[in-house]
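# A closer look at the structure
Single-letter residue listing:
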Amino acid sequence: MEHSDQPDFVTGIPVNRIPDGGMIQGRVGKEDVILSRRGADFFAVGAKCTHYGGPLIKGLVVGDELRCPLHHACFDLRTGEALRAPALDPIPCWRVEEIDGTVFVREKLQQAPDIQTSRKTPASVVIVGGGAAGLAAADMLRRKGYDGSVTVISADDSAPYDRPNLSKEFLAGEAPAEWIPLRSPDFYTSRKIDLILNRRVASIDIGPKKVFFEGGQTKEFDALLLATGADPVRIAVPGASDSQLHYLRTFADSRALVAKAQSAKQVVISGASFIGLEVAASLRERNIAVHVVSPGRVPLEHVLGDEIGRFFQNLHESHGVTFHMGETVTRVDGRLVTLSGGAKLDADFLALGVGVRPAVALAEQAGLRVDRGVVVNEYLETSAPGVFAAGDIARWPDPHSGQMIRIEHWVVAERQGQVAARNILGYRERFNAVPFFWTSQFKVSVKYIGHAQTWDEATIDGSLENKDCSVTFKLGGRTLAVATIGRDLQNLQVEAAMEASLLQSPVNPLLRAG
Ligand SMILES: Cc1cc2nc3c(=O)[nH]c(=O)nc-3n(C[C@H](O)[C@H](O)[C@H](O)COP(=O)(O)OP(=O)(O)OC[C@H]3O[C@@H](n4cnc5c(N)ncnc54)[C@H](O)[C@@H]3O)c2cc1C
Ligand code: FES
C-alpha cells in the first residue's frame, strides 16, 4: 500500500479496526507507523526494522513484543527497545490516546534512554572477540547502564561488521563497503568502549584474571567473555599456491575475493555448504562461470534435507552454476584444476568453503572445560565462575532440543552475547532463545527455526517450486525444526510456539539426565 493510501492515525481510527493482539499500518505525517492493541492498551511504533529495514507489519505480535519477519529481531512495543538481536537499535514510539472509541496517535515520544541500573558491577569487563557475540555484548553492557571499563579485543583489523553480508550482497557487488560495519567509530567513543583491533590474545590466566597479548602485554579483567568465533577449515590442495586459494571468514577475505572477481572469468568452489553456495550465487551475479565441487550427494542436505537441497541445486543450475557432486579437487596445476573423477577445469582461483572449527585454543589453554566447543551452562558461564563464552565457540544446554549444542548462526551469537552481558551484570538469565538462521541465494531466502541434528521425518507443506513452503523436521514425532521459504510469518509463529511449549515444561528431561 502507498504511504498516502494508508489510514492517517493523526485524525484517528476506530478502535474496532485494530485487531486485539494484532496490528495495522498507517501514517503519522511522513512516517509509516504500526498501531497495535493489547486489550485496552494501544501502541504506536515505527514500521521499519532497524536491522535491514524489514516490514514489521508482516511480522508477529507476541505479547508486548513485535518481531520482524526477515531475521526475527524483537522489539518492545511499549518502549521500542530492540530486545533481541539482530536489530541493535530501537524503533520510534508515539503517544497514543483513545477517546470515545477512536484511537489517535499523538506526538513522537522521546526515546527512553535504554539505561537501566545494573545489579552487579564488575570493576572491568574484557571481551575477547570483536564479532557478532562480542559487539552485541559490549553494546548490551552499556545499554544496561554498566559504567565500568569495557574492552573488546579483536584479532581482526576491522571494527565489528556484518559477517553474513560478506558472502551475499557485498560479494555480489550489491552492497557498498559502508554497509558492512555494525557500528560507526563514534559509537565506540561515545559509549567508552575500548576497541583494540588487530591484536590477538595469546593466553589467559584465570587465577590472577589476566589476558596476555601476543607480543607480551597484559590486561586485567574482573569479568571475561570469550567470543572468539570459528576459523575456516584449511585443506591442503596439491599444486595450489596460497594466492589461488580463498577462504571466507573476514571482511578482508571478502574484499580479496571481490578484488579477484573483478577480472575473473571462471571459478571453482570447493564445498556445497552455505558459504560455498552463497559465494557461488554472488559470483554468478557478477557473471562469472562457477563450478561447485563437493564430496556430498546433495548440497546442504545434512542441514536442510534432501528436498530443499535439491531445490537449491536446481536453482543454482538454472542460474548457470555447474555442480560436480561426489567429487573433490585433487590437484591444481597453474590454472588447471583436476577433480577426483578426472575432469579438468580452468579456474582463475578457488574458493573453499569446507566448514569451520570453533576457536577454542584460548579456552583450552586457560583450563576451561572444552568438549567440541567451550562448555557453558544455561547462563552461558564456563567452568570458571565469572568467565562467560558466547557465539560459535559455545556449547550450551539447549532446552528446546534437550541437547548440548554448538551452532554457527549469526543471530544466536548476537543473542548469546546479549545474554552473557546481562549475566555478567548479575541478571541470572537463562539462554533459551530458539536457534534461528537464514540463508539467501539468488534472492531466495530460507528461514530455519529450531535445531535438528538428526531427524526421522521431514514433511513438506506447500510448493518448493513456487517458493512457498515449509519443511518440518521431526524426531520420534517431536518437531525439532522448521525451514520455510516464502513463509516468514509462519517461521515466526513456529518460534513463538516453541517458546510457549518451553514455558509449559521449562527443563527438558533429556538435559536433566545428561
Ligand atoms: C561469510 C559468512 C556468511 C555467513 N552468513 C550467515 C547467515 O546468513 N546466517 C547465519 O545465521 N549465520 C551466518 N554466518 C555465521 C555467523 O557469521 C557466525 O555464526 C557468527 O559470526 C559467529 O559470531 P561469533 O561472535 O561467535 O564469532 P565471529 O563473528 O567470528 O567473531 C570472532 C571474533 O574473535 C576474534 N578472535 C578470535 N580469536 C582471537 C584471539 N585469540 N584474540 C583476539 N581476538 C580473537 C576474531 O578476530 C573475531 O573478531 C556466516 C558466516 C560467514 C563467515
Ligand atoms: S530486517 Fe528485521 S531482523 Fe533483519
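A quick note: this is a predicted structure, and the numbers were derived from the prediction, not measured.

Within the span of helix H4 (residues 251-261), buried status applies to Phe251, Asp253, Ser254, Leu257, Val258 and Ala261. All buried residues of H4 lie within an arc of 160° about the axis, which places them on one face of the element. Against helix H2 (169-172), strand S19 (245-247), helix H5 (274-285) and strand S26 (349-352) lie the buried residues of H4.

The strand order across the open sheet formed by 5 strands is S13-S12-S11-S17-S29, and the pairing between neighbours is parallel. Each edge of the open sheet is held by one strand with a lone partner, namely strand S13 (193-196) and strand S29 (387-389). Here the strands of the sheet are splayed against their neighbours by 15° on average, with no regard to which way each runs. Two strands pair when backbone bridges link them, and strand S11 (residues 124-128) and strand S17 (residues 223-226) are joined in this way by 4 bridges, in the parallel orientation.

Turning our eyes to something else, we now look at the side chain of Thr338. You can see Thr338 is positioned in strand S24 (residues 336-339). Using a relative accessible area of 10% as the deciding quantity, one classes Thr338 as buried. A polar contact is formed between the side chain of Thr338 and the side chain of Lys344, at a distance of 3.2 Å. Those residues within four positions of Thr338 in sequence are excluded, and the remaining contacts are Thr328, Val329, Thr330, Arg331, Asp333, Ala343 and Lys344.

Counting 67 residues, the largest nonpolar core has Ile127, Leu141, Ile204, Val211, Leu224 and Leu226 as its most contacted members. Membership of the second largest hydrophobic core comes to 48 residues, among which are Ala281, Ile308, Val446 and Cys469.

Note on sheets: strands pair through backbone hydrogen bonds, and any given pair is parallel or antiparallel. Strands sit in the order S23-S24-S25 across an open sheet of 3 strands; the sheet is antiparallel. The open sheet terminates on both sides in strands that have one partner only, identified here as strand S23 (329-333) and strand S25 (344-346). This sheet shows a mean twist of 25° between the axes of neighbouring strands, independent of strand direction. Pairing of S23 with S24, which is carried by 4 bridges, proceeds in the antiparallel orientation. Paired with Arg331 across the bridge in S24 is Thr338.

Further remarks concern the environment of Ile308. Mapping Ile308 onto the fold places it in helix H6 (residues 301-318). Between the C-alpha atom of Ile308 and that of Phe42, which follows or precedes it by 266 residues, the distance is 41 Å. The residues contacting Ile308, other than those within four sequence positions of it, are Leu464, Val471 and Ala483.

Turning our eyes to something else, we now look at the packing of aromatic side chains. The full count for this structure, using the stated rule, is 11 aromatic pairs. Taking the centre distance of 4.7 Å and the plane angle of 65° together, the rings of Trp455 and Phe473 count as edge-to-face. Residue Trp455 is found in the loop between strand S33 (444-450) and strand S34 (457-463), and its partner Phe473 is found in strand S35 (residues 468-475); the two are separated by 18 residues along the sequence. Exposure remark for Phe473: the relative accessible area of 0% places this residue in the buried category. Aromatic rings pair up to connect Phe274, Phe437, Tyr448, Trp455 and Phe473 into one cluster. When the ring centre of Phe251 is taken as reference, the NZ or CZ atom of Arg255 above it lies at 4.4 Å.

Let us now look at the packing of helix H1 (residues 132-143) against helix H8 (residues 410-424). One way to put it is that H1 packs onto H8 with a least axis distance of 7 Å and a crossing angle of 40°. In this structure, H1 meets H8 at a crossing whose hand is right-handed. Contact residues: Ala132, Ala133, Ala136, Ala137, Met140, Leu141 and Arg143 in H1; Trp410, Ala413, Glu414, Gly417, Gln418, Ala421, Arg422 and Ile424 in H8. Grouping the amino acids of the contact of H1 with H8 by side-chain chemistry returns 10 nonpolar, 2 polar and 3 charged.

Glancing now at the site of ligand 1. Near ligand 1, the surroundings consist of 33 residues, among which Ala133, Lys168, Val201, Arg249 and Asp392 are the closest. Within the backbone of Gly130, a nitrogen or oxygen atom sits 3.1 Å from an oxygen atom of ligand 1. In the complex, the protein chains occlude 93% of the 1,000 Å² of accessible area that ligand 1 would expose alone. Breaking the shell around ligand 1 down by element, the ones donating at least two residues are H1, H5, H8 and strand S32 (436-441).

Across the 8 residues of strand S36 (residues 478-485), 6 count as buried, placing the element largely inside the fold. As judged from the 5 bridges shared by S33 and S36, these two strands associate in the antiparallel manner. Across the sheet, residue Val446 finds its bridge partner in S36, namely Ile485. Sheet analysis places S35 next to S36, joined by 7 bridges and oriented antiparallel. By the bridge assignment for S36, Thr472 is matched with Val482. The loop that links S35 with its antiparallel partner S36 comprises 2 residues; one of these, Gly476, has a positive phi angle of about 55°.

Cut-offs and rules
The numbering scheme is per chain: residues are counted from 1 as the chain's sequence reads. In the order they appear in the text, chains get letters beginning with A and ligands get numbers beginning with 1. With the structure being a predicted model, the display of local features is reserved for residues of pLDDT at least 70 and the display and counting of side-chain atom pairs for 80 or more, all residues being used for whole-chain, interface and lining totals. With hydrogens and water excluded, all non-hydrogen atoms of the structure serve as input to the side-chain values. A 1.4 Å probe rolled over the protein chains alone gives each residue an accessible area, and that area as a share of the maximum for its type sets the label: buried under 20%, exposed over 50%, partly exposed in between. Note on conventions: DSSP H or I runs of at least 4 residues are helices, E runs of at least 2 residues are strands, and numbering of each starts at the N terminus. To obtain the arc, one takes the directions from the helix axis to the C-beta atoms. We call two residues in contact when some of their heavy atoms are within 4.5 Å. Think of it this way: DSSP has to see at least two bridges between two strands before they count as a pair. Only the stretch in contact is used when a helix axis is fitted, and all axes are lines through C-alpha atoms; the angle between N-to-C directions ranges over 0 to 180 degrees. The term polar contact refers here to a pair of N or O atoms within 3.5 Å; inside protein, the definition further demands a hydrogen-donor-capable atom paired with an acceptor-capable atom, and it admits residues adjacent in sequence only when both atoms are side-chain atoms. Definition used in this section: a nonpolar core is a set of buried Ala, Val, Leu, Ile, Met, Phe, Trp, Tyr and Cys residues joined via side-chain atoms within 4.5 Å. Stacked, tilted and edge-to-face are the three classes assigned to paired rings of Phe, Tyr and Trp, where Trp is represented by its six-membered ring and a pair needs centres within 6.5 Å; plane angles under 30 degrees give stacked, over 60 edge-to-face, the rest tilted. Note on geometry: a ring has a charge over it if NZ (lysine) or CZ (arginine) is within 6 Å of the ring centre and within 35 degrees of the ring normal. The handedness criterion is simple: a crossing whose near helix is rotated anticlockwise from the far helix by less than a right angle is left-handed, and one whose near helix is rotated clockwise is right-handed. Here the term charged refers only to Asp, Glu, Lys and Arg, the term nonpolar to Ala, Val, Leu, Ile, Met, Phe, Trp, Tyr, Cys and Pro, and the term polar to all other amino acids, Gly among them. Nearness is defined per residue: one heavy atom within 4 Å of the molecule or strand is enough. The Shrake-Rupley method, run with a 1.4 Å probe sphere, supplies the accessible areas, and residue values consider only the shown protein chains as cover.

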